[in-house]
Amino acid sequence: MEQWLFFAIFVAIGLFNLLGRWLKRRMEEQARQNAKPEPPAPRFPEVEIREIPARRRMPAAPPPEPVVPAVRVPARRSAVRETARVPTRLGGQTDLRRAIVLMSVLGPCRGLESEGPDAIR
């Protein structure tokens, strides 16, 4: 008996869906038939465009003068910087900085090092 009850509920739900679609379609068709035609969009009056007489025109602005870029003055080196220079065999300071960064990035993987007391740091 329960199986027939579930089957009847299942069929009733399907019939309600079909009935609802049919009613919705019918209501939309009636709404289209009873709808009033849309009024035309409001038109703005046409405006006459006149040219401004020559005596009222503003004088043209003079072209801007070209901007000359400022001359860059090289920075003076201090005596402290001169003494702290790296020897030329190793390259300049920028080369040494790049080498240090590359050593730290490309160095041994820290994930493979052991964490015990015997670990070498």
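Residues numbered from 1 in each chain as written. Predicted model: local features only at pLDDT ≥ 70, side-chain atom pairs only at ≥ 80, totals over all residues. Heavy atoms only, no water.

**Digging into the overall build of the protein**
- Secondary structure summary: the protein contains three helices and zero strands in total.
- Reading the secondary structure of the protein in the N-to-C direction produces α-α-α.
- Per-residue burial over the protein gives 1% buried out of 121 residues.
- Of the roughly 13,900 Å² that the protein leaves accessible, carbon and sulfur atoms contribute 62%. (Helix = DSSP H or I, 4+ residues; strand = E, 2+ residues; numbered from the N terminus. Buried < 20%, exposed > 50% of the residue type's maximum accessible area, 1.4 Å probe, protein only. Areas by Shrake-Rupley, 256 points an atom, 1.4 Å probe, with all protein chains shown as cover.)

**Focus on a nonpolar patch on the surface**
- A contiguous nonpolar surface patch, about 740 Å² in accessible area, is contributed by Trp4, Phe7, Phe10, Val11, Leu15 and Leu18.
- Looking at where leucine 18 falls in the secondary structure, it is placed in helix α1 (residues 2-34).
- Given the relative accessible area of 53%, leucine 18 is considered exposed. (Patch = residues over 30% accessible without salt bridge, like charges linked within 9 Å, V, L, I, M, F, W, Y side chains within 5 Å. Salt bridge = Lys/Arg side-chain N within 4 Å of Asp/Glu carboxyl O.)

**With respect to the pattern of salt bridges**
- In total, this model carries one salt bridge according to the counting rule given.
- A salt bridge links aspartate 95 to arginine 98, with the nearest nitrogen and oxygen atoms 3.8 Å apart. Of this pair, aspartate 95 and arginine 98 are both found in helix α3 (residues 93-106), three residues apart, which corresponds to roughly one turn of the helix.
- Residue classification places arginine 98 among the exposed residues on the basis of a relative accessible area of 56%.

**What about the confidence of the model for the protein?**
- The share of residues in the protein with pLDDT of 70 or more is 78%, and the mean pLDDT across the chain is 79.
- Looking at the elements of the protein, mean pLDDT is at its lowest for helix α2 (residues 79-83), recorded as 54, and at its highest for α1, recorded as 92. (pLDDT = per-residue confidence, 0-100.)

**Observations concerning the packing of aromatic side chains**
- All told, the structure shown has one aromatic pair when counted by the stated rule.
- When the centroid spacing of 6.3 Å and the interplanar angle of 90° are considered together, the rings of tryptophan 4 and phenylalanine 7 count as edge-to-face. Highlighted residues: tryptophan 4 and phenylalanine 7, both in helix α1, separated by three residues, approximately one helical turn.
- For tryptophan 4, a relative accessible area of 65% puts it in the exposed group. (Phe/Tyr/Trp six-rings, centres within 6.5 Å; stacked < 30°, edge-to-face > 60°.)

**Examining α3**
- Look at α3: 20 Å from first C-alpha to last across 14 residues, which is about the 20 Å you get at 1.5 Å a residue.
- Burial analysis of α3 places just zero of its 14 residues in the buried class, a small minority of the element. (Expected span 1.5 Å × (residues − 1).)

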